[in-house]
Every structure is written in structure tokens, then in C-alpha cells.
Amino acid sequence: MSIKDILSPFSGWKKVFDEPVVVKDPVNDRPGAPRYRGFHRNDIATCIGCGTCETICENEAIDLVPVQGIETRDGDSGLRPRVDYGRCCWCALCVDVCTTGSLTLSNAYIWVDEDPGVYRFTPGVDDMPWQREEKGWKKPEGNYEFYSLKREPMEHLRPEERNDSFAEMVRGFSKEQAMREADRCVECGICVATCPAHMGIPEYIRAVRDDDMERGLKILYDTNPLPEICGRICTHKCETVCSIGHRGEPVSIRWLKRYIADQNPSEKYKQILETGVLDKNGKKVAIIGSGPAGLSAAHYLSLMGYECTIYEKLPKTGGMMRFGIPEYRLPYDQIDKDIDYILSLGVHIIYNTTVGKDITLDQLKRDYDAVFAATGLHQGRSTRIEGTDHRHVYQATDLLRKVTLGEEIHVGRRIVVIGGGNVAMDITRTLARLQRLKYGEVRIITTSLETEDAMPADSEEVVGSREEGATVIPGWAPRKIDIAEDEIKGLHVVQCLSLFDEKGAFNPQCNFDNHRFFEGDMIVESIGQGMDLVYLTEGIKEHLEMTPRGRIRVDDYFQSSIPWLFFGGDIIQGPDVIHGIANGHKAARGIDRFLSGTADKQQTT
Amino acid sequence: MIDPVQKIFRFQPDRSLYPETGADGKPVIRLDSGKFIKVWQGPNHPGVTGNMSLELTISGDEVVESKTHVGYLHRGFEKLFERRRYIQCFPTCIRMCVPEPDTNEYNLARGTEELAGIEVPETANWLRMLALEMARLQVLLRMVPGQAATMGLGLGAQWGMYFRELILDRFEELTGGRIYHMYILPGGVRGMMPDGFRERLGENLKKIDGFIKDIDKLIFHNAVFRKRTIGIGHIPADWVDHYGITGPVARAAGFKRDVRKDYPYLYYHQINFDYNIEHDSDVFARFLVRRKDLETTVDILRQIMAKMPEKGIIRAETPNVLHWRIPKGETYVRCESSRGEYGFYMVSDGSMYPRRINLRGPSYTHAVSVLERLLVNANISDISSIMVSLATCPPEIER
Ligand code: SF4
Ligand code: SF4
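As the structure is a computational prediction, the values presented were derived from the model and not from experiment. (Residues numbered from 1 in each chain as written. Chains lettered and ligands numbered in written order. Predicted model: local features only at pLDDT ≥ 70, side-chain atom pairs only at ≥ 80, totals over all residues. Heavy atoms only, no water.)

Enquirer: Summarise the overall build of chain A; cite the residues concerned and give the values.
Expert: The number of helices and strands found in chain A is 23 helices and 20 strands. Seen along its three principal axes, the alpha-carbon backbone of chain A occupies a region of about 120 × 65 × 50 Å. Taken over 605 residues, chain A has a buried fraction of 55%. The long-range fraction of contacts in chain A, counting pairs at least 24 apart against all pairs at least 6 apart in sequence, stands at 72%. Approximately 27,100 Å² of chain A is accessible, and the part contributed by carbon and sulfur atoms is 49%. Charged side chains of chain A number 74 positive and 93 negative; the gap between the two group centres comes to 1 Å. (Helix = DSSP H or I, 4+ residues; strand = E, 2+ residues; numbered from the N terminus. Buried < 20%, exposed > 50% of the residue type's maximum accessible area, 1.4 Å probe, protein only. Contact = heavy atoms within 4.5 Å. Areas by Shrake-Rupley, 256 points an atom, 1.4 Å probe, with all protein chains shown as cover. Lys, Arg positive; Asp, Glu negative; His and termini not counted. Charge placed at Lys NZ, Arg CZ, Asp CG, Glu CD.)

Enquirer: Tell me about the interface of chain A and chain B, residues and numbers included.
Expert: On the chain B side, the residues contacting the 47 residues of chain A number 49 residues. Taken together, the two surfaces of chain A and chain B that pack against each other cover about 3,900 Å², and 53% of this comes from carbon and sulfur. Counting the contacts that link chain A with chain B gives five salt bridges. In this structure, R325(B) and D210(A) form a salt bridge, with 2.5 Å as the shortest nitrogen-oxygen distance. (Buried area = accessible area lost by both parts, 1.4 Å probe. Salt bridge = Lys/Arg side-chain N within 4 Å of Asp/Glu carboxyl O.)

Enquirer: Pulling in residues and values, what's your account of a nonpolar patch on the surface?
Expert: All names here are of chain A. Side chains of I3, L7, F10, W13, V16 and F17 sit close together on the surface and give an oily, nonpolar patch of about 780 Å² of accessible area. Relative to the elements of secondary structure, F10 occurs in the loop between α1 (3–7) and α2 (26–29). F10 gets classed as exposed once you look at its relative accessible area, which sits at 52%. (Patch = residues over 30% accessible without salt bridge, like charges linked within 9 Å, V, L, I, M, F, W, Y side chains within 5 Å.)

Enquirer: With reference to specific residues and values, describe unusual backbone geometry.
Expert: Unusually for a residue other than glycine, E274(A) sits at a positive phi of about 55°. Among the residues examined, E274(A) registers a relative accessible area of 60% and is labelled exposed. Residue M182(B) is not a glycine yet carries a positive backbone phi of 45°. Of note, M182(B) is situated in the loop between α6 (154–175) and β4 (184–185). Owing to a relative accessible area of 1%, M182(B) belongs among the buried residues under this scheme.

Enquirer: Please provide a residue-by-residue account of the site of ligand 2, values included.
Expert: For ligand 2, the set of nearby residues contains 13 residues, the closest of which are C185(A), C188(A), G189(A), C191(A) and C242(A). Grouping the constituent residues of the shell around ligand 2 by class yields ten nonpolar, two polar and one charged. (Near = heavy atom within 4 Å. Nonpolar A, V, L, I, M, F, W, Y, C, P; charged D, E, K, R; others polar.)

Enquirer: Got a sec to walk through the nonpolar core? Specific residues and values, please.
Expert: Counting residues in hydrophobic clusters, the biggest one holds 223 residues, and the most contacted among them are F146(A), L361(A), L364(A), F567(A), L127(B) and L130(B). For this core, the leading source of residues is helix α5 (residues 122–149) of chain B, giving 14 residues. Those residues in contact with F146(A) that lie beyond four places of it in its chain are I56(A), L93(A), D96(A), V97(A), I87(B), L185(B), R315(B), P319(B), N320(B) and V321(B). Formed by 21 residues, the second largest nonpolar core is a distinct cluster that contains L64(A), V83(A), W111(A) and F121(A). (Core = buried A, V, L, I, M, F, W, Y, C linked by side-chain atoms within 4.5 Å.)

Enquirer: Tell me about the domain arrangement of chain A, and name the residues and values.
Expert: As assigned here, chain A comprises domain 1 (26–137), domain 2 (164–272), domain 3 (278–378 + 552–596) and domain 4 (383–529). Centre-to-centre separation of domain 1 of chain A and domain 3 of chain A, based on C-alpha positions: 49 Å. (Domains from an automatic or database assignment.)

Enquirer: Describe the site of ligand 1, with residues and values.
Expert: In the vicinity of ligand 1, the residues found are H40(A), C57(A), N59(A), A61(A), I62(A), C88(A), C89(A), W90(A), C91(A), A92(A) and C94(A). Tallied by class, residues from the shell around ligand 1 come to nine nonpolar, two polar and no charged.

Enquirer: An account of the packing of helix α14 (residues 292–303) of chain A against helix α16 (residues 332–343) of chain A is requested, with residue identities and associated values reported.
Expert: Residue and element names in this part refer to chain A. With their axes 9 Å apart at the nearest point, α14 and α16 run at an angle of 40° to one another. Overall, the two elements α14 and α16 adopt an arrangement that is oblique. The handedness of the crossing between α14 and α16 is left-handed. Listed contacts from α16 to L295, A298 and H299 of α14 are I339, Y341 and I342. (Axes fitted to C-alpha atoms, helices over the stretch in contact; angles between N-to-C directions. Parallel < 35°, antiparallel > 145°, perpendicular 65-115°, else oblique. Left-handed = near helix turned anticlockwise from the far one by under 90°.)

Enquirer: How would you summarise the side chain of N224(A) if you had to cite specific residues and measurements?
Expert: For N224(A), the position within the fold is in the loop between α9 (213–223) and α10 (227–233). Every residue in contact with N224(A), bar those within four places of it in the chain, is listed here: M199(A), C230(A), K257(A), Y300(A), I578(A) and I581(A).

Enquirer: So what about helix α6 (residues 175–183) of chain A? Which residues, and what values?
Expert: Turning to α6(A), its buried residues are Q177(A), A178(A), E181(A), A182(A) and D183(A). Residues of α6(A) that are buried sit in contact with α8 (201–209) and α12 (253–263) of chain A.

Enquirer: Can you tell me about the pairing of strand β13 (residues 444–448) of chain A, naming the residues and giving the values?
Expert: All names here are of chain A. Of all five residues that make up β13, five are buried, and the element is covered over most of its length. The side-chain alternation of β13 yields two buried faces, one formed by I444, T446 and S448 and the other by I445 and T447. One ladder, built from four bridges, connects strand β12 (residues 415–418) with β13; its direction is parallel. Opposite I418, over in β13, you have T447 as the bridge partner. Of the crossover connections in this fold, the one passing from β12 over helix α19 (residues 422–439) to the parallel β13 is right-handed. Relative to strand β14 (residues 471–474), β13 is paired through four bridges, and the arrangement is parallel. Directly across from T447, in β14, lies its bridge partner I473. Handedness of the crossover is the feature at issue here: the chain leaves β13, passes through helix α20 (residues 459–467), returns alongside β14, and the resulting connection is right-handed. (Pairing = 2+ DSSP bridges. Right-handed = clockwise from strand over helix to strand, strands pointing away.)

Now the structure itself:
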């Protein structure tokens, strides 16, 4: 120690003359950094209430609550996150995990209020001064994701491998692929509400992650007895709302369902699903049609102890699933796998029997306790333009049915298909294969009223059609079929400008000056199907209430105004397999309510 | 001849009277003799680091016996981890050390990555080093002058606070938080350096250079500070391995101990720096080591800024963090915190939740075992000084 040690501390005095460094008003003099993790903001219009923020919050500071003015709808739970600042630690994991990117933090520093209650608030709904601030924490940019936004690619047969064969195109996931895809799900359940059958999607995806295929199968059968079929051709409405799809590609829900079904061998179904022995309750139900709705009803009714008999007019089961969808999309052995299991539950099936012709509905009423009619839409509609009565103008559904039955069909050299839905693509791709087999080349033009972005067909179907050699030209309205010397020469079309008028009614507007001619010697119409209800006798029709739009009126349980008669499937809800399955399930419960007397509204006629 | 300054500060208490030594060689403490007093220092005592208590038995103004009591923080993080997904452990683990939370983030991230076999992108690793060194710097800026505050020399500590705030400003820019940065997470980090960050940090470091010179004059060449730290709280060299003393406390006893050099992690092997060693192993030596660490840290930060890539990927692809299952296994990861070796022992049973995350930090050893022994015979006015020189952090003990 030295004298220096006494004197040197006095050097501190020199700071007396320095500028003070204290900030007097930290809020205004020094705003938070652009990345500061301040208070929560939520873009309420973008938020879908998926609740992933609630899941990740380690402090349980977030609750999803109903909010006035926000309705529950497809893809939106109608709930919004409420944050509790008594618990929050401002980690911003909720922001980083947000599926839509709606949740952010402001860069506000200070919030003082006498009322402790205000510190629990719903960002974006409760008006806070920082809601409109630009700065603050947002999900970091770049390669920073808490889950993958990219789908696991599904392998397809290459066009040249598939264009002359009816072998299944989609290969299905391997275990590793399925695991990776299942990993992307955040278990929000947004998809469940949109799935017509309300399948336990996050639960079965979790079963994939856990590699527990038996549990997965059980979950599938809770709501859907046709998983192999749906796993291939379901219209997957769930995927259109999947929350991951907001910033990335939606989870491949359908392929994961297929993966579970594919992994379970049919011999083990009864053991896994514990349906070896079913108690019978002695009641009998007749089901008309073995399409998805009929089979679904038969399945759930059998589990409840009813003895079911299906009347099928064709020699095989499946309805449109077998006769309307080409084999390359839905192989017959997979249809059989699902249906054989349902039949093995003791469901009787009577083939080649048309109700209304071979047996009457009244007869069914006498022999059974209830009847479920799910006869579907099989009658192709015609454009009724000039020339449609020619022998080489066909209905897509007729052709598809014949192909399935192995019957010979006419295949033209140049074909024009009218229609923009999946059935139009199915017939296009089926005829393309047949043309390639017969002539070695494909010359098909498929045209639709709708423009490309509005076509009802799945885009992968359109892409597939093109890959296989067909020309798809959307946005044209058929005018007239050109016929010379009793042979079709082609189709005259005009440009279609719009489909609906201001009131939303179907009323196509065309530009008649813009005209084209599609050459062809065969025309196929695929503009939708109608129903054939000949089995409804006058006596029944008299008691059957109809909706103003001419459809049969049914209640929530698909019971008609005639209590023993239930209707479901395409004739009620339009063409869709998964809707049919959902109706069948609901109708089965309705029939059970009716027959077991548990229905709250019991009526007699 | 005795230095005149030494003469002024000379004070030699008569240590022969109390306490008597019993046959077993231990002091005989009889409270009813009236020669001893029990005093609690803490849990809310300005001279105690954080929420802990010392139960002191004193005789006159000397400590005869000291017992460390913890339990005032009641948080049980290690138990909480068992019920949290790995990503949810991330905002929780930082609370195990308030002054330097980043070491927790880093250990959790690295342990998780090691168990899961994740390769962290290069840029992210540099940013991790940046955050860890900035964290060390802000701790030392508070701690080095803070040592003087334990003996009433508060001025340097206040200056230090200002310079620490400058670094916290940089943290706010980089990580979005001032105290709890929550920046290093499994897979990488949460953001690139914002524009102009290097320049602003460079400016701050220049100011800190000046500050180090100032505190040299104010504190290290201060007769009071020297008198009250030299020879005080001496830790004999043989305690170091016996107790498992690490960090600056070990280095002040002449040991070359620094995880950054002994078990290099991140890119420390690309950085030029040396062990900061002293030999006297008293409070003064420990603070000389920390003072040198302060300089070293500034230098390391400059090297990081010079070597770090401008751009790059900040986070590796990981499975969905909401159900990330970490393969079965166990690992011990460590880094050098400002207080010494800071390690996580992590066990995974293959599920989404850690089976065990156990923290091995320097405070447990330093504040419990070492402090209890070191305080015997110390003057009560030196307790704070000794305690602070060990750099104890109660949240790290009670986790
Ligand atoms: S910032 Fe963190 S603690 Fe706060 S609500 Fe979000 S996830 Fe929960
Ligand atoms: S599939 Fe998509 S919408 Fe459904 S639970 Fe998973 S993340 Fe949510």
C-alpha cells in the first residue's frame, strides 16, 4: 500500500462534470428495441383460434375464450387467446409457435393500472394502445420454425409408368415418411370440426407418431368404417382448414389415415376392434344401397345389435365408390378390405335387387323395423344441347360403371369430355388409358364452364390428367355438337364469362363472339348426377315432406316425416363419400333412438 | 519499518480469548455463557447475495460458526422440468440464475441437441458465444465494482450499473429482453444481429475500456479496499479440489481452471485468450482475477465480432417442438459462467419430457460448504465481502 492508494480514489470526483446518463422518461426518451418482447397483440382477423399458443405456454398464461362478434366456422374455432399477465413470463414462445402468425408482441415497456383485473386481457379484442404499434417481437425470420411447413412428398407412379395401366398411382407413406408427416401436426383439432364425420384426426395422427397402429385403427373406426377407401379418395376438407396450411402446406391428413389402415391386416380387424362377438337385439333394419352411407349405417347398426340387410341393385358392393371411381385411384381390393369387414359383422347383402322393381318399399316396411335409403346419385345429367341424343354421346357415370363391371365400352379416337369435377377427371383419365391401350396415343379434350381456379376438381386430378396426355381447357360453355353423316365431328363452345348472377343463382354468362371448336368423334358428359327415387310409391310420397328445393326433408338424424323411413348419403347431402359416411353413422344413431324408444320426439304415422 | 499507511489502519484484535477450543479441537460454544450471540444475516440483508441466510454464532465481532440456510425461493425448477416439454423448459431454466441466465439456456440447448443428435448451424454457434460473453461482461461490470460496495464504497458499483445497462441495451436489441434473454434455444438462437449492432457494441466496449481504468483508480488502488480485502477470506489451495471449487475462485488460488479452455465448446478454441491466474487466494486476488476477466471478456467479444459471419442460418431444423421426443440417454454439458463451471446433467427416457435435469453450479459448493468454513474467525464486517468474493447465487442452489 502506498500514498497513491490514498489519493487515487479521489479521481472519482472528475465524474462530477460528466453529463448525467440517467434517462428521465424511459418510455418517451427511449422506446423499446424493435425486437423487444413487450405486450401481446393479436391480429384478430387472421387468428383462427387454433390454441397452439395455449399448448406451448409453460405458464398456462393463455386461455382460449369465446369472443363476441367472432363466430365458429370451418377453420376457425371462434375462440381467441386471452393472456394473463399474472402468469406470463414474456418468453414469446406463443408468438413463435403461432400457426397463422397473427400473434405478436409490441415493444411497449410500461403498463400501469390500478385495477388488477385488466392484466388479463384478450389481445386484439380488448383495445390496447400498443395493438397498432409496428415494432415489437415477431416470429424470427429465416429458417426458424417450430414445426415443418413442408409436406412429406407422396410418391406417385410416374406418368409413363401409369398412363396405360390401372395400377394404383399413389404409393402411400413408408413408416419414416408417415412419422415425419405426423410430426407436423400441432394437435389443434381445427380440422375435426370441418371433417363431416368429425374424425379424431389429431388423435390418430398421434397414434402414427406413437407407432401404435392398432390404437390408430380403433380411432378411425370410431367415426369412419371405410378408412382404406377414405384414406385414398376422401375430398379431405379437413386439409383445407388445417392450421399449418396458413403459412405452409397442410398436414397430409388423408394419407396418414390411409397409412394406418394399410398397416393393419384385415385378419386382425375383429381382434383389434373387439367385434368378434356382437350381441343381437332382435330388431331388423333394411338398407337400400351399399354405398358409403348404407355401409356406414350397416356398420354402426350392427355394432348396436341390429340385424341389417342391404339391398343392392348391382352385382357388387360399394356404389359410386366402386363404380364411379377408377381403379387407379381406388383399387378394388382396398374397397373389398373395408366392405368385407363390415359384412363380416353379420350384415346380409342381397345383390342384383332393385327396390321398387324387384321388391317394394312396402314389403320392406313389413319385413323390417326401419328402412334406411341411401340410393345415391347415379343418373348422369345431360347438357341437353343439340346433338346429345347421338349414340356416341355418353354419360361419364355409365362409362365408369361399365369399366368396373368389365364390360366393353366404345372408345373414340378423339374424345371431348364436358365437365370440371372429379368425375370428369376420372373419366378423362380412364379414357386416356383406354385410348393409349387401343390406339397408342391420347387425344382427349376436357372442357369445363369454370375457369381453372374455380374448377371443382382437385388440382392434382387436373395436373394428373394433363400429365397423362389429356388437354384440359377450362372456361368454355358447350353450345352444340357438330354432326355430319351421322358421325360426331366435334363440339362448338363459347367463352364462359361467369357462372353465377348477383343473387348467387347458377346463371352462366357467355361471350358468344369468342367461339371455339373442339374436334372429336365421341362426347362424354360429366356435369353432375341426379337421383332416381322410383321406389317411392305414391302412398309414401303422399306422407313424405319435401323441402322447397324439392329434396326430401329429414331431421338431424336423417329421419324423414315417415318415422320408419330414413334417408341419407348423396341424395340428401350431394355427392361426397365422407358426408355419406357421416350421415350413415348419424342415421344409425337416429334409427337406434327410434327403435329403442330413446328418442325424445317419438311420433307415429 | 511499518508503512505509515499500514500503521493508520492497523487493528489487531485479541483472538486468544474466545472461543475456547474443546478436547475435540472444535470451539466450545455455550450460548448460555453470554459470550456468544446468534445473529441471522439474511434473507433480506443488503450484504447477502440474493435470498439466503447465514445463521451466525458470533463472539465479540468474530464469527465462531456459520450455517447457510436456503429455502426462501421455493421454486423447484428441476422438478418442474420433469413435467415440461423440452421447449417449455427453456423459459423456465433461465430462472436458475438471474444475473447470468444465458448459461442455463445454453446448457439446456446443448444438452438437448447432444441427446437428439442435432447439428447447430455455424452462425447460431457464434451468436451463442456472443450472448454468453455479453452475459459474462454484464455480470462482471456489476460484480467487480460491486465488491467494493460490500464495504461501503458504492460509487464504482453505480458507475458499473450504467455500463451494464449499455450491454443490456444490446441484449434488448439482439434478444428482445434485458434480463431474461431467452435467446439460445434447442436448435439454435432466436435472431440474427440487427443492423448496426456491431458498431454499437464496439462503441460500448470502448467506453468499458475507460471504465476499467477508472475503477482501477477508484477501487484497486484504494487503501480501504486493499486493507479490507488483502489477506481476507483466504482459501488454501488444498480446499480447491476437496470442495470442487471452480472459476475465478479457483484461478485466484493459482489453479488453471476454465471450462472454455479445459473442455472447449462452441468456437472458443478459435479465440485467443489465457487463464487469468492469481496466487494469494484472498478476496483481493479473487477480484483481481475478475478484473482481468473483465478485460479478457471485452477482448473476446472483439474477437467474436471480427470472426463472426455476417449472415447465416440461425436455427437447425428440429422435429415439431410440441412433441419432440428426445432419444433415451444421458449427458453432462458444461460451460464457464462468470462464477465458474456451470453444468447440466440431463437424462432422457425417450419421452417428450426430460426425466431429469440436474444443475451443477458453483454456488452450491461456494455458498454452502466453502462459505461455512471460510467465515469461521472472520470479522462480521467482512462477511459480505467474503460472500460476494465467492460469487454465490441462491437461485442456483435452490433449483
Ligand atoms: S409470452 Fe410465454 S409465458 Fe407469456 S403467454 Fe406467451 S408463451 Fe405464455
Ligand atoms: S391436422 Fe392440422 S388442423 Fe388438424 S390437428 Fe393437426 S395441425 Fe391441427
